[in-house]
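# Structural description and commentary
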Amino acid sequence: EGNTGSARVRLRQYMETEGETSQPLFLMGLSYHHDKRYAKAITWFTVATESDGPVYPHTWHFLGWSHFYVGNIEQSKVSFQKYIAWKKDEPDSLFALGLLAMEEGELEQAKELLGDAIVAGASDVAMQAKAKARLADVYVEDGKWDEAIALYKEAVQQNPNLYEAWHRFGFALQRIGKKEEAEIAAQQCELARKRVRPELY
């Protein structure tokens, strides 16, 4: 419910009596991850992976995202790979590994991983949309404008609030000379941004 400070107090009390096992240590990390205090989250998640007994598996997933947000690319990749070894078809981790491949310029690997995320997230519209948008970005890098435009279109149809995808969709349309459609995409980008980020206005 967002009461992360209270949660941390209760977790400390629990660990004082029950010991520092992986799951409560993970929850401590998760509370900092929720607060976007990723360096602190990394500290607790790392301790959770080093505690006695089996590692709570979801620790690797959130450790991967925490490393990602602070720019630790290699550590992020290792963490997500460990999670995927436990749950091979988890779409958000596949998506993250696709982003990391993009960061490293491994475009073919990025295509494969983002494609896997789309398949694995078949029942999750939000996941489908964001993975298609990022896969479209990879096709832009390859100069494959038709493939990119088709994916951007699918992505914003599935989630019209993806304002960055609208922006890149408009750029791609402009690039192939579809100016009127590009202007519509730009308008939709602005409307989506106002819905998602009203504080900017």
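Everything below is about the structure printed above this text.
The structure presented is a predicted model; accordingly, all values stated were derived computationally and were not measured. Every residue gets a number counted from 1 within its own chain, in the order that chain's sequence is written. In keeping with the predicted nature of the model, local features appear solely for residues at pLDDT of at least 70, side-chain atom pairs appear and are counted solely at 80 or more, and the whole-chain, interface and lining totals rest on all residues. With hydrogens and water excluded, all non-hydrogen atoms of the structure serve as input to the side-chain values.

### With respect to the packing of helix α8 (residues 125–141) against helix α9 (residues 145–158)
For every element, the axis is a line fit to its C-alpha atoms; helices are fit only across the contacting stretch, and the angle between N-to-C directions ranges from 0 to 180 degrees. Counting from the N terminus, the helices are DSSP H or I runs at least four residues long and the strands are E runs at least two residues long. Running from N to C, α8 and α9 cross one another at 160 degrees; their axes reach a closest spacing of 8 Å. Considered as vectors, α8 and α9 are oriented roughly antiparallel to each other. Crossing handedness for the pair α8 and α9: left-handed. Residues V125, Q128, A129, K132, A133, L135, A136, D137, Y139 and V140 of α8 form the contact with α9, whose participating residues are W145, E147, A148, L151, Y152, E154, A155 and Q158. Put simply, Ala, Val, Leu, Ile, Met, Phe, Trp, Tyr, Cys and Pro go in the nonpolar bin, Asp, Glu, Lys and Arg in the charged bin, and everything else, Gly too, in the polar bin. Class assignment of the residues belonging to the contact of α8 with α9 gives a composition of 12 nonpolar, 2 polar and 4 charged. Put simply, angles under 35 degrees are roughly parallel, angles over 145 are roughly antiparallel, angles from 65 to 115 are roughly perpendicular, and the rest are oblique. Should the near helix be turned counterclockwise from the far one by less than a right angle, the crossing is left-handed, whereas a clockwise turn marks it as right-handed. By definition, residues are in contact when any of their heavy atoms lie within 4.5 Å.

### As for the packing of aromatic side chains
Centre distance within 6.5 Å is the pairing criterion for rings of Phe, Tyr and Trp, where only the six-membered ring of Trp is used; planes under 30 degrees apart are then read as stacked, over 60 as edge-to-face, and the remainder as tilted. One pass over the structure, following the stated rule, counts 13 aromatic pairs. Seen from their ring centres, Y38 and Y69 are 4.6 Å apart, and the 35 degrees between their planes marks the pair as tilted. Of this pair, Y38 sits in helix α3 (residues 38–50) while Y69 sits in helix α4 (residues 58–70), and the two are 31 residues apart along the sequence. A relative accessible area of 16% places Y38 in the buried class. In textbook terms, an aromatic cluster arises when at least three aromatic residues are bridged by ring pairs, as seen for Y38, W65, F68, Y69 and F80. Just above the ring of Y32 sits the side chain of R8; from NZ or CZ to the centre is 4.1 Å. With a 1.4 Å probe rolled over the protein chains alone, any residue whose accessible area is under 20% of its type maximum counts as buried; one over 50% counts as exposed, and the rest are partly exposed. Charge over a ring is defined by NZ of Lys or CZ of Arg lying within 6 Å of the ring centre and within 35 degrees of the ring normal.

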